[in-house]
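Chains, contacts and geometry: an overview
Residue-level listing of the chains:
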Amino acid sequence: MASLTFNPTGTHLSLPLSNPKPLRSRFTVHCSSTSPKLPGNRPLRVAVIGGGPAGGAAAETLAKGGVETILIERKLDNCKPCGGAIPLCMVSEFDIPLDIIDRKVTKMKMISPSNVAVDIGRTLKPFEYIGMVRREVLDGYLRDRAKAAGAEVVNGLFLRMDLPERTGEGVYRIEYTAYDGKKGGAGERKVVEVDAVVGADGANSRVAKCIGAGDYEYAIAFQERIKIPDEKMAYYEDLAEMYVGDDVSPDFYGWVFPKCDHVAVGTGTVTHKSDIKKFQLATRKRAMDKIDGGKIIRVEAHPIPEHPRPRRVLDRVALVGDAAGYVTKCSGEGIYFAAKSGRMCAEALVQGSENGKRMVNEGDLRKLYLEKWDKKYWPTYKVLDILQKVFYRSNPAREAFVEMCADDYVQKMTFDSYLYKTVVPGNPIDDLKLAVRTVGSLVRAYGLRREMEKIGA
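Here goes a summary of the coordinates provided. (Residues numbered from 1 in each chain as written. Predicted model: local features only at pLDDT ≥ 70, side-chain atom pairs only at ≥ 80, totals over all residues. Heavy atoms only, no water.)

**Examining the overall build of the chain**
The line we're drawing: Strands are runs of DSSP state E lasting at least 2 residues, helices are runs of H or I lasting at least 4, and numbering of each runs from the N terminus. For every residue, the accessible area (1.4 Å probe, protein chains only) is compared with the maximum for its type, and the residue is labelled buried under 20%, exposed over 50%, or partly exposed between those bounds. Every residue pair with non-hydrogen atoms within 4.5 Å of one another is taken to be in contact.
Regarding its fold elements, the chain presents 13 helices and 20 strands. Counting over 457 residues, the chain shows a buried share of 57%. Within the chain, counting contacts between residues at least 6 apart in sequence, those at least 24 apart form 75% of the total.

**Some remarks on the packing of helix H1 (residues 53-64) against helix H3 (residues 135-149)**
Note the threshold: In this analysis, axes come from line fits to C-alpha atoms, helices being fitted only over the stretch in contact, and the angle between any two N-to-C directions falls in the range 0 to 180 degrees. Geometric relationships in this document are graded by angle, where less than 35 degrees denotes roughly parallel, more than 145 denotes roughly antiparallel, 65 to 115 denotes roughly perpendicular, and other angles denote oblique. Crossing handedness: left-handed means the near helix sits turned counterclockwise from the far one by under a right angle, and right-handed means the same turn made clockwise. For this scheme, ten residues count as nonpolar: Ala, Val, Leu, Ile, Met, Phe, Trp, Tyr, Cys and Pro. Four count as charged, namely Asp, Glu, Lys and Arg, and the remainder, Gly too, count as polar.
For the pair H1 and H3, interaxial distance at closest approach is 8 Å and the crossing angle is 15°. Comparing the axis directions of H1 and H3 gives the class roughly parallel. Read as a crossing pair, H1 and H3 show a hand that is left-handed. Residues Pro 53, Gly 56, Ala 59, Glu 60, Ala 63 and Lys 64 of H1 form the contact with H3, whose own contacting residues are Arg 135, Leu 138, Asp 139, Leu 142, Arg 145, Ala 146 and Ala 149. Class assignment for the residues of the contact of H1 with H3 results in 7 nonpolar, 1 polar and 5 charged.

**Focus on the packing of aromatic side chains**
Going by this rule: Two aromatic rings, drawn from Phe, Tyr or Trp (for Trp, its six-membered ring), form a pair once their centres lie within 6.5 Å of each other, and the interplanar angle then sorts them: stacked below 30 degrees, edge-to-face above 60, tilted otherwise.
Per the stated rule, a full pass over the model turns up 12 aromatic pairs. Aromatic side chains Phe 252 and Tyr 253 sit 4.5 Å apart centroid to centroid with 20° between the ring planes, which places their arrangement in the stacked category. For Phe 252, a relative accessible area of 3% puts it in the buried group. For the ring pair Tyr 392 and Phe 401, a centre distance of 6.0 Å and an interplane angle of 80° mean the geometry is edge-to-face. By relative accessible area, which is 2% here, Tyr 392 ends up buried. Clustering of aromatic rings is evident, with ring pairs tying together Phe 94, Tyr 326, Tyr 336, Phe 337, Trp 373, Tyr 377 and Tyr 381.

**Re the environment of Pro 305**
Topologically, Pro 305 is positioned in strand S17 (residues 295-305). Relative accessible area serves as the criterion here: at 0%, Pro 305 is assigned to the buried category. Considered as a pair, Pro 305 and Gly 325 are 20 residues apart in the sequence and their alpha carbons are 5.2 Å apart. Once residues lying within four places of it in the same chain are set aside, the contact partners of Pro 305 are Ala 203, Tyr 216, Glu 217, Tyr 218, Asp 322, Gly 325 and Val 327.

**Observations regarding the pattern of salt bridges**
Inclusion rule: By salt bridge we mean one thing: a side-chain nitrogen of Lys or Arg within 4 Å of a carboxyl oxygen of Asp or Glu.
Summed over all chains, the structure comprises 31 salt bridges. Note that Glu 175 and Arg 189 form a salt bridge whose closest N and O atoms lie 3.7 Å from each other. One end of the pair, Glu 175, is in strand S10 (residues 172-178); the other, Arg 189, is in strand S11 (residues 188-194), with 14 residues separating them in the sequence. One network of salt bridges, with partners in common, ties together Arg 160, Asp 162, Arg 173, Glu 175 and Arg 189.

**Some details on unusual backbone geometry**
Here the phi dihedral of Asp 95 falls at roughly 50°; this positive angle occurs in a residue that is not glycine. The residue Asp 95 is located in the loop between helix H2 (88-93) and strand S5 (103-105) in this model. Not every positive phi belongs to a glycine, and Asn 355 is a case in point at roughly 60°. The residue Asn 355 is located in the loop between helix H9 (335-352) and helix H10 (362-391) in this model.

**Considering a positive patch on the surface**
What counts, and what does not: Exposure above 30% relative accessible area and no salt bridge define the residues that can form patches, which grow by joining like charges within 9 Å and nonpolar side chains of Val, Leu, Ile, Met, Phe, Trp and Tyr within 5 Å. Here the open area of atoms and residues is found with the Shrake-Rupley method and a 1.4 Å probe, where only the protein chains shown may cover a residue. In this tally, Lys and Arg are treated as positive and Asp and Glu as negative; His is ignored, and so are the chain termini. To locate a charge, take atom NZ for lysine, CZ for arginine, CG for aspartate or CD for glutamate.
Among the surface-exposed residues, Arg 74, Lys 75, Arg 206 and Lys 209 lie close enough to one another that they form a single positively charged patch. With respect to the helices, strands and loops of the structure, Lys 209 is situated in helix H4 (residues 206-210). Taking the relative accessible area as the measure of exposure, Lys 209 reaches 61% and is therefore exposed.

**Details of the sheet that holds strand S14 (residues 239-245)**
Applied cut-off: Each pair of strands is called paired provided DSSP finds at least two bridges between the two strands.
Judged by pairing direction, the sheet is mixed, and its 7 strands sit side by side in the order S7-S6-S14-S15-S16-S13-S17 without closing on themselves. The sheet is open, and its two borders are formed by strand S7 (117-120) and S17, each paired with just one other strand. In this sheet, neighbouring strand axes are inclined to one another by 15° on average, regardless of whether the strands run parallel or antiparallel. Of the strands in this sheet, strand S6 (107-111), strand S13 (218-227), S14, strand S15 (249-258), strand S16 (263-269) and S17 are in contact with helix H6 (residues 276-286), which crosses S16 at around 135°.

**Description of the nonpolar core**
The condition is simple: Buried residues of nine kinds, namely Ala, Val, Leu, Ile, Met, Phe, Trp, Tyr and Cys, make up a nonpolar core once their side-chain atoms join them within 4.5 Å.
One finds Ile 130, Met 161, Ile 174, Val 197 and Tyr 369 to be the most contacted residues of the largest nonpolar core, which totals 107 residues. Among the nonpolar cores identified, the runner-up in size contains 13 residues, and Ile 111, Val 256, Ala 282 and Ala 287 belong to it.

**Comments concerning H1**
The line we're drawing: Under the convention used throughout, the expected extent of a helix is 1.5 Å for every residue step, that is, one less than its residue count.
In this model H1 runs 17 Å from its N-terminal to its C-terminal C-alpha over 12 residues, within 8% of the 16 Å that 1.5 Å per residue would give. For H1, a buried count of 11 out of 12 residues is recorded, marking the element as mostly surrounded by other parts of the structure. Residues of H1 that are buried: Pro 53, Ala 54, Gly 55, Gly 56, Ala 57, Ala 58, Ala 59, Glu 60, Thr 61, Leu 62 and Ala 63. Those residues of H1 that are buried are in contact with strand S2 (45-49), strand S3 (68-73), H3, strand S12 (196-199), helix H8 (321-324) and H9. Remark: Gly 66 follows H1 within two positions and exhibits a positive phi of approximately 90°.

**Some details on the sheet that holds strand S4 (residues 85-86)**
Pairing is antiparallel across the open sheet formed by 3 strands, whose spatial order is S4-S8-S5. Single-partner strands in this sheet number two, and they are S4 and S5. Taken together, the 2 bridges between S4 and strand S8 (residues 130-132) define a ladder with antiparallel strand orientation. In the sheet register, Ile 86 faces S8, and the bridge partner there is Gly 131.

**Things to note about the environment of Leu 384**
Summarising the element assignment, Leu 384 is placed in helix H10. Residue class for Leu 384 comes out buried when judged on its relative accessible area of 10%. Those residues in contact with Leu 384 that lie beyond four places of it in its chain are Thr 328, Lys 329, Cys 330 and Ser 331.

**Topic: the pairing of S10**
With 6 of its 7 residues buried, S10 lies for the most part within the structure. Two strands pair when backbone bridges link them, and strand S9 (residues 152-162) and S10 are joined in this way by 6 bridges, in the antiparallel orientation. Its bridge partner lying in S10, Asp 162 is registered against Arg 173. Strand direction decides the pairing type here: S10 and S11, joined by 7 bridges, are antiparallel. When the sheet's bridge partners are listed, Thr 177 is paired in S11 with Arg 189.

Spelled out as structure tokens, the structure:
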């Protein structure tokens, strides 16, 4: 699930668009003097388990970096329930072609529990937009790029992994069922031995279980793809909607996001998973006047992690994307962070192995991947965690949240943070004014609730 969530804080993210540097130009060798050469002058062998944005980006980077790469994905036509929003920086940074972007969203409506709607997007520059994609299209494209770079892409189900007997030595033995159409629906059990493993196999990661990565709290995302009449689809040409309220989710939000010829309508929750269909029904009801007459063409549901796993690296195994828990709170954004973590992890393996010529170790993955990741993105995750705790806890808080979204400064900070993913200080004077307005909005919202409770008593 990916989305834009408004960020009324004193930090925002801003990065000017520029031509991205070629991938290889960013590779710098950080090879330990004690790292042994691989026997027989063979290249480093890495298995990437999972073929979503994290796995596809990792496999492409590894293959381009001289590493022998196998990517194993159980379902090559997977349609993950996902809002499908990607930031502008991902389009340039990952060279995403415009023809796989279904819609360029330049307007949003944030709709409060009392159905007060705030229009958002007036601070966007003419070239700025939020890209809307279908996961089956984006994921397939990234896997195809990995294959073109030299990675072997296998349609298979990861079964188990035997760890080396001694840390830093030996190989990982990967067992999987390959589906090539020759053995029928049952597939054929196969084994591959590799030097390192990238676990990109989602929230229910089997790789994570193999290394004892620990559990995390998760949300359930439920989404319906609805084909609506053309005249209604015109309304969503460049517009997305987000609904907040106890009716659509006690701790998240509902959404209507435009796709190529239909809309995706969904919601999510951490605290009331058994009520997810009730929340979905309420989301459809809130949007009914705009989607009435539509036909449900697909129903999707999937767990979404709420925080990073306790362990993300063990020896020469690393977790990325949803498997690592890289989904932001408050917004539920995960596509960009999945692809970025996959690339950063792969770059660490390429750098640590001297472009596939040497063995890597846990130190390479910790220093060149985990430390860099945490330093770069921890502030973003922390800010959104605070926002969720403050503004998603009650309907009065949500009313205040929507009221603040009408502020131009809030909108500018929000879009800068979402589109470019770089934290810089906000304007101190504007931040102070915003803090005062935030408190005022919360006071008014809670005062209104007390008055409504008196009327209902």
